[in-house]
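Coordinates in review
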Amino acid sequence: MAAQSLLAELSNITRSAYVQSNKQLIQRTSPLFQLLVKRARRDAEGDPITFGVVDKRNTGGFLAAPDSLFPEPQMSFTKLGTLQWTTFVEAIRITGREIRTQHGVDITSLLNKASLKELPEREQVTLLSLVNTKLGQAIDDQAFQLTTSLYEGVGVQRTELTGLKAIVDNSTSAYAGLAIADFDTDSVTNTGWWTPKVLSNSSTNRALTPKLVSQMITAVRRGVESPEDIIMVMNDNVWEAANLMLSGSQIFSNESKLADFGFDAFKFGMATGLRDPLCPNNAIYYLNLNHIWLQIRKSADLDNMRPFETVPNQDIIQAAIVSDIQVVCNDRHRQGKIADVAGVND
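None of the values given here were measured: they were computed from a predicted structure.

Conventions adopted
- Residues numbered from 1 in each chain as written.
- Predicted model: local features only at pLDDT ≥ 70, side-chain atom pairs only at ≥ 80, totals over all residues.
- Heavy atoms only, no water.
- Helix = DSSP H or I, 4+ residues; strand = E, 2+ residues; numbered from the N terminus.
- Buried < 20%, exposed > 50% of the residue type's maximum accessible area, 1.4 Å probe, protein only.
- Contact = heavy atoms within 4.5 Å.
- Areas by Shrake-Rupley, 256 points an atom, 1.4 Å probe, with all protein chains shown as cover.
- Polar contact = N/O pair within 3.5 Å; in protein donor to acceptor, adjacent residues only side chain to side chain.
- pLDDT = per-residue confidence, 0-100.
- Phe/Tyr/Trp six-rings, centres within 6.5 Å; stacked < 30°, edge-to-face > 60°.
- Lys NZ or Arg CZ within 6 Å of the ring centre and 35° of its normal.
- Salt bridge = Lys/Arg side-chain N within 4 Å of Asp/Glu carboxyl O.
- Lys, Arg positive; Asp, Glu negative; His and termini not counted.

1. Focus on the overall build of the chain
- Summing up its helical and strand segments, the chain has eight helices and 13 strands in all.
- Of all 346 residues assigned to the chain, the portion counted as buried reaches 47%.
- Contacts spanning at least 24 positions in sequence make up 77% of the contacts within the chain whose residues lie at least 6 apart.
- Accessible area of the chain: about 17000 Å², with a carbon and sulfur share of 50%.

2. Observations regarding helix α8 (residues 236-246)
- Along α8, the positions that sit buried rather than exposed are Asn-237, Val-238, Trp-239, Ala-241, Ala-242, Asn-243 and Leu-246.
- For α8, the side-chain oxygen to backbone nitrogen distance between the N-cap and Asn-237 is 3.3 Å, and the N-cap itself is Asn-235.

3. Section: unusual backbone geometry
- Here the amide bond leading from Asp-47 into Pro-48 is cis, since omega sits at 5°, within 30 degrees of zero.
- Note that Pro-48 resides in the loop between α2 (31-38) and β1 (49-54).
- In this structure, Arg-158 is a non-glycine residue whose phi angle is positive, near 60°.
- Inspection of the secondary structure puts Arg-158 in the loop between α5 (121-152) and α6 (164-169).
- One non-glycine residue, Asp-340, lies in positive phi territory at about 60°.
- Structurally, the position occupied by Asp-340 is in the segment after β13 (335-339).
- For Asp-340, a relative accessible area of 13% puts it in the buried group.

4. Some details on the confidence of the model for the chain
- Averaged over all residues, the pLDDT of the chain is 84; the fraction at 70 or higher stands at 84%.
- Across the chain, element-level confidence peaks in α6 with a mean pLDDT of 98 and bottoms out in strand β6 (residues 252-255) with 58.

5. A look at α2
- Of all the eight residues making up α2, seven are buried; the element is thus mostly covered by neighbouring parts of the structure.
- What α2 keeps buried is the set Pro-31, Leu-32, Phe-33, Gln-34, Leu-35, Leu-36 and Val-37.

6. Considering the packing of aromatic side chains
- If you walk through the whole model with that rule in mind, you get five aromatic pairs.
- Note on Phe-183 and Trp-194: the rings are 5.0 Å apart at their centroids and 10° apart in plane angle, and the pair reads as stacked. You can see Phe-183 sitting in the loop between α6 and β4 (197-199) and its partner Trp-194 sitting in the loop between α6 and β4, a full eleven residues away along the chain. Here Phe-183 and Trp-194 have matching classes, each one buried.
- For the ring pair Trp-239 and Phe-266, a centre distance of 5.2 Å and an interplane angle of 50° mean the geometry is tilted. Here the residue Trp-239 occupies a position in helix α8, and Phe-266 occupies one in strand β7 (residues 265-268), the gap between them amounting to 27 residues. Judged on exposure class, the residue Trp-239 and its partner Phe-266 are both buried.
- Three or more aromatic residues joined by ring pairs make a cluster, and in this case those are Tyr-175, Phe-183 and Trp-194.
- One Lys or Arg, Arg-41, reaches over the ring of Trp-293 and ends 3.5 Å from the middle of that ring.
- Of note, Lys-79 hangs over the ring of Phe-183, and the distance from its end group to the ring centre comes to 5.4 Å.

7. A word on the pattern of salt bridges
- Scanning the entire structure with this criterion turns up eleven salt bridges.
- A single salt-bridge network, built from bridges that share partners, covers Asp-236, Glu-240 and Arg-275.

8. A word on the side chain of Glu-225
- The residue Glu-225 is located in the loop between α7 (210-220) and β5 (230-234) in this model.
- As a buried residue without a salt bridge, Glu-225 has its nearest oppositely charged side chain in Arg-221, at a separation of 5.4 Å.
- Look past the residues within four positions of Glu-225 in its chain and what remains in contact with it is Val-220, Ile-230, Met-270, Asn-288, Asn-290 and His-291.

If you want it as structure tokens, here you go:
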């Protein structure tokens, strides 16, 4: 019982510190991930995630005097997309060797203590410092892996997010169980309703131009959507090129900390440019945030930490952070990418 008491005490201290440090997770991830976490939805608990996809406008029209108001039953043109949850696990492990090195006792002897108070004050500080170091490493690793998967993941066997590579880059492939061929063509843009807009240049980098930027904004924006709804995400190399290219425009504003975002951003027309170091190079993602979001299970949120426990036949104690999370897009038609863009260092 004594060992469990000490583990429980460590778990309570670490869990409290992790919840407080969870803000660091948001701060250390990319601005895009930070923004999606702020706007995340937590309204789905089942598996798989199921969401409605509208593939054409409703069947309205003008009525001639003798016509029946409802000449025949009208069907809904809503399709259902499905995505599997991805479970992200981050372990916090303390090995017996680390404890022997810092405390001069075996892990079993240490855990036989009823509580931290039975340790000398110096050893209490040393143990908590070790736990704090492990917690910081876990937060850094969690932030990096989730952000990388947001950009590069295609949902392989639930070992990664179904991220922007699946939603945008793979523009001719199925997504969420729905194929391009399942959808009609939009008469306004002459593209399929499930086809993202991708402008490439046959893998040859070219200069970014106001025409390219404006063309993509028009492709992903509709109606009265604000610049905070339409974002352009790029890494440092492309960010500098975009700033130089757009700085002469009358509809360009460069504010280092836009109030709506809280990190480096600029506005051009009806879109906001974000500087994200982890965004793939030589590309700008155009995302309509009204149709793409982060889905997080409430019962397994990003601050869901399991208690410390011993591991049979292993010289360690460990805790785990377990989160159910996925990227969801209900309209690929409103997402896009300019590929093959030259940055300032190209």
